[in-house]
Amino acid sequence: MYNLNQENRAAQQVKCKDTFDFLLKEKHNEQGIHQKIGLWNIVGLGVGGAVGSGIFVTLGSAIAKTGRSILPITIICVFYMLLAYWYNLAMSGVFIIEGGDYSMKGMLLPPLLTGYGGWSNVIWAFGFTGYALSLTSYLSSLWPALAEHRQLSSAILLTLFFLLTIKGNRVVTLFQNIATILLVGALVLFVVVGFSHVNIENFFSASYDGGFCHSGFAGILSAIAIMGWACQGTTMGPVGVVPITKNPKRTIPMGIIVTCVVVSIVYGLMSYVAAGVLPYEQIAGQNLSVTASAIMPNHAFFAFFVIGGGVCAIISSFLAVLAMIREPLSHMADDGWFPAAFRKKSKDGYPYFCFLLVYIVALIPILTDMSVDNAITMLMIPTMLINAYLNVACMTIPKKYPEQFEKRAVRFPLWLYNMCSILGGVCALVIAVTLFKDLTARDMVVAACVVIIPIVFSAVALKTRSVDTKVLEQRRAEIEEAALKAED
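Residues numbered from 1 in each chain as written. Predicted model: local features only at pLDDT ≥ 70, side-chain atom pairs only at ≥ 80, totals over all residues. Heavy atoms only, no water.

Look at helix α4 (residues 70-84): 19 Å from first C-alpha to last across 15 residues, which is about the 21 Å you get at 1.5 Å a residue. Helix geometry: α4 is bent most strongly at C77, by close to 25°. Those residues of α4 that sit buried are I70, I73, T74, C77, V78, Y80, M81, L82 and A84. Looking at the buried residues of α4, the elements they touch are α3 (53-66), α5 (86-92), α12 (216-231), α14 (248-276), α19 (372-393) and α22 (414-437). (Helix = DSSP H or I, 4+ residues; strand = E, 2+ residues; numbered from the N terminus. Expected span 1.5 Å × (residues − 1). Bend = angle between axes of the 7 residues up to and from the residue. Buried < 20%, exposed > 50% of the residue type's maximum accessible area, 1.4 Å probe, protein only. Contact = heavy atoms within 4.5 Å.)

M81, F128, L158 and F338 are the most contacted members of the largest nonpolar core, which has 157 residues in total. The biggest single contributor to this core is helix α17 (residues 299-335), with 15 residues. Non-local contacts of F338, meaning those with residues more than four positions away in its chain, are made with W119, V122, L329, M332, A333 and C354. (Core = buried A, V, L, I, M, F, W, Y, C linked by side-chain atoms within 4.5 Å.)

Here S92 shows up in helix α5. There is a polar contact of 2.9 Å between the side chain of S92 and the backbone oxygen of N88. Polar contacts involving the side chain of S92 include one to the main-chain carbonyl oxygen of L89, which spans 3.0 Å. For S92, the residues in contact, after removing those within four places along its chain, are M104, V239, P248, K249, I252, P253 and I256. (Polar contact = N/O pair within 3.5 Å; in protein donor to acceptor, adjacent residues only side chain to side chain.)

A contiguous nonpolar surface patch, about 620 Å² in accessible area, is contributed by I75, F79, F195, M254, I257, V261, I265 and L269. If you tally residues by element for the nonpolar patch, the top one is α14, at five residues. Relative to the helices and strands, I257 resides in helix α14. For I257, a relative accessible area of 37% gives the class partly exposed. (Patch = residues over 30% accessible without salt bridge, like charges linked within 9 Å, V, L, I, M, F, W, Y side chains within 5 Å. Areas by Shrake-Rupley, 256 points an atom, 1.4 Å probe, with all protein chains shown as cover. Salt bridge = Lys/Arg side-chain N within 4 Å of Asp/Glu carboxyl O.)

Bringing the packing of aromatic side chains into the picture now. Across all of its chains, the model carries 26 aromatic pairs by this definition. Each ring, one from F342 and one from F353, has its centre 6.4 Å from the other, and the planes form 55°; the classification is tilted. Taken together, the residues span a long stretch of sequence, with F342 in the loop between α17 and α18 (352-367) and F353 in helix α18 at a distance of 11 residues. Residue classification places F353 among the partly exposed positions, given a relative accessible area of 32%. Three or more aromatic residues joined by ring pairs make a cluster, and in this case those are W124, F128, Y131, F161, F162, W229, F318, Y350, F355 and Y359. (Phe/Tyr/Trp six-rings, centres within 6.5 Å; stacked < 30°, edge-to-face > 60°.)

With that out of the way, let us pick up the environment of M380. By secondary structure assignment, the location of M380 is in helix α19. For M380, a relative accessible area of 1% gives the class buried. Spatially, the C-alpha atom of M380 lies 8.7 Å from that of I226, the residues being 154 residues apart in sequence. When residues no more than four places from it in sequence are discounted, the contact partners of M380 are M81, A225, G228, W229, Q232, I431 and L435.

This next bit is on the packing of helix α7 (residues 111-123) against helix α23 (residues 441-463). For any two helices packed against each other, the geometry comes down to the angle between their axes and how far apart the axes lie. Interaxial distance between α7 and α23 falls to 8 Å at its minimum, and their mutual angle equals 125°. Classified by the interaxial angle, the pair formed by α7 and α23 is oblique. Every pair of crossing elements has a handedness; the one defined by α7 and α23 is right-handed. Facing α7, whose interface residues are P111, L112, G115, Y116, W119 and I123, α23 presents V450, V451, P454, I455, F457, S458, A459 and L462. Class assignment of the residues belonging to the contact of α7 with α23 gives a composition of 12 nonpolar, two polar and no charged. (Axes fitted to C-alpha atoms, helices over the stretch in contact; angles between N-to-C directions. Parallel < 35°, antiparallel > 145°, perpendicular 65-115°, else oblique. Left-handed = near helix turned anticlockwise from the far one by under 90°. Nonpolar A, V, L, I, M, F, W, Y, C, P; charged D, E, K, R; others polar.)

The next thing to look at is the confidence of the model for the chain. Confidence in the prediction of the chain, expressed as mean pLDDT, is 82, and 87% of residues score 70 or more. Per-residue pLDDT, averaged within each element of the chain, yields its smallest value for helix α1 (residues 9-26) (46) and its largest for α22 (95). The low-confidence segment residues 1-33, where pLDDT is below 50, has 110 contacts with residues more than four positions distant or belonging to other chains. (pLDDT = per-residue confidence, 0-100.)

With that settled, the discussion passes to the environment of I123. Within the secondary structure, I123 sits in helix α7. We classify I123 as buried; its relative accessible area is 7%. C-alpha separation for the pair I123 and V361, spaced 238 residues apart in sequence, amounts to 8.0 Å. Not counting residues up to four positions away in its chain, the partners in contact with I123 are Y116, M378, L379, P382, V450 and P454.

We now examine the packing of α3 against α4. Where α3 meets α4, the axes come as close as 10 Å, and the angle between the chain directions of the two elements is 120°. Looking at the two axes, α3 sits oblique to α4. Note on packing geometry: the crossing formed by α3 with α4 is right-handed. Counting all contacts with α3, which are made through L59, A62, I63 and T66, the residues of α4 involved are I70, I73 and T74. Across the contact of α3 with α4, the residue classes tally to five nonpolar, two polar and no charged.

The structure is reproduced here in structure tokens:
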């Protein structure tokens with residue numbers, strides 16, 4: 001069984017694994033006795049995993065949808081996406097699942113959607129498209145000539161990053177450490193310098209630049225949908241460190257909630273600056289470098305923000321996801337979800353046919369001039385559809401595991417649990433539908449293919465018995481057994 005949403009969140013998994021290894025070493029004393037991490041360790045991990053490239057890529061697009069109301073909408077979106085990922089919060093309060101998000105999906109997904117989850121590693125190609133286009137956009141603010149050759153520049157950047165994967169994951173770990181420090185510095189610089197430049201009257205004038213709710217309620221939904229890319233990483237870090245957490249059934253859910261509060265504050269401050277300095281027509285659909293250039297007359301500060309903030313955040317996510325999908329793609333091929341030719345690897349296990357497929361799928365949208373927003377949409381729609389299923393499927397847990405549910409750490413009533421499961425399914429579905437309706441007719445066809453084709457391929461693999469369903473059921477049983485044993 002394979003992780004379906006390695007989106008933006010997959011970029012966080014590599015970060016989370018590095019942090020997990022660090023925490024594991026730090027939490028052993030001189031006698032080698034294992035110690036557990038607490039709530040604030042979880043919050044730090046969650047915030048570090050959530051704040052990344054998404055806010056640099058999507059904030060301008062969200063402003064275009066809703067105008068100055070981006071400030072409250074950004075804050076709301078963090079908690080909206082928490083509901084869209086309800087299954088992570090719900091299951092972490094009922095089970096001690098050491099496999100995190102991966103194992104949670106393993107307990108809930110049927111065989112067909114398990115295969116679809118594996119194909120999502122190929123669908124992540126659209127995420128790489130978005131990264132390459134966004135990286136070109138930020139670099140163009142320093143070297144404008146790149147904007148004149150947007151497609152060529154993005155294609156070259158995409159190719160370079162895929163070539164880097166041949167050398168393995170060491171470059172990812174090295175870059176992450178530097179990028180995190182630069183990213184925090186860039187965010188602080190943007191907020192501190194920008195605060196004094198904000199004209200607060202912009203947020204209270206109903207007529208100026210369209211004021212709040214630039215495109216009405218539809219614009220609000222569209223802004224939440226596109227900002228979902230930036231707000232969906234709050235649960236990945238916390239659910240991934242269950243084995244070294246004190247009282248995980250209580251600490252993990254609390255850590256997720258506190259993480260959402262902190263991330264909403266950070267994003268709120270960034271939205272306040274991004275939407276409060278320049279006229280709407282100058283910032284709508286633009287990346288944060290446009291506002292940064294207006295508030296940072298010092299070119300050195302501006303260059304630091306662009307490189308340390310936008311560029312580092314995007315490259316960090318780019319490399320992290322490339323590293324993250326390598327093994328899932330390889331295992332998918334080995335298990336029969338892909339054609340037999342895809343099982344071929346280099347001597348060191350590099351699945352070159354699998355990565356070639358992802359590269360081609362990522363390159364085509366660049367060459368056909370797909371926008372960043374639409375590339376993100378192609379990835380978010382199938383992710384949210386599966387999330388809708390997972391959230392509603394949480395309603396089966398009280399009946400299937402009554403003893404474990406009775407011992408849940410957060411003692412909210414069953415009716416509230418079921419209501420949140422349904423609401424979580426609706427929230428995820430609304431994002432998928434909203435993103436789909438905002439597409440052009442051509443891109444609607446592409447989005448439909450992105451959803452349907454992997455399901456067809458997965459069904460064929462099961463029908464032809466290329467994949468053994470008994471193996472899938474055995475893995476599900478192993479995940480359940482491990483969760484119940486950890487509870488005991």
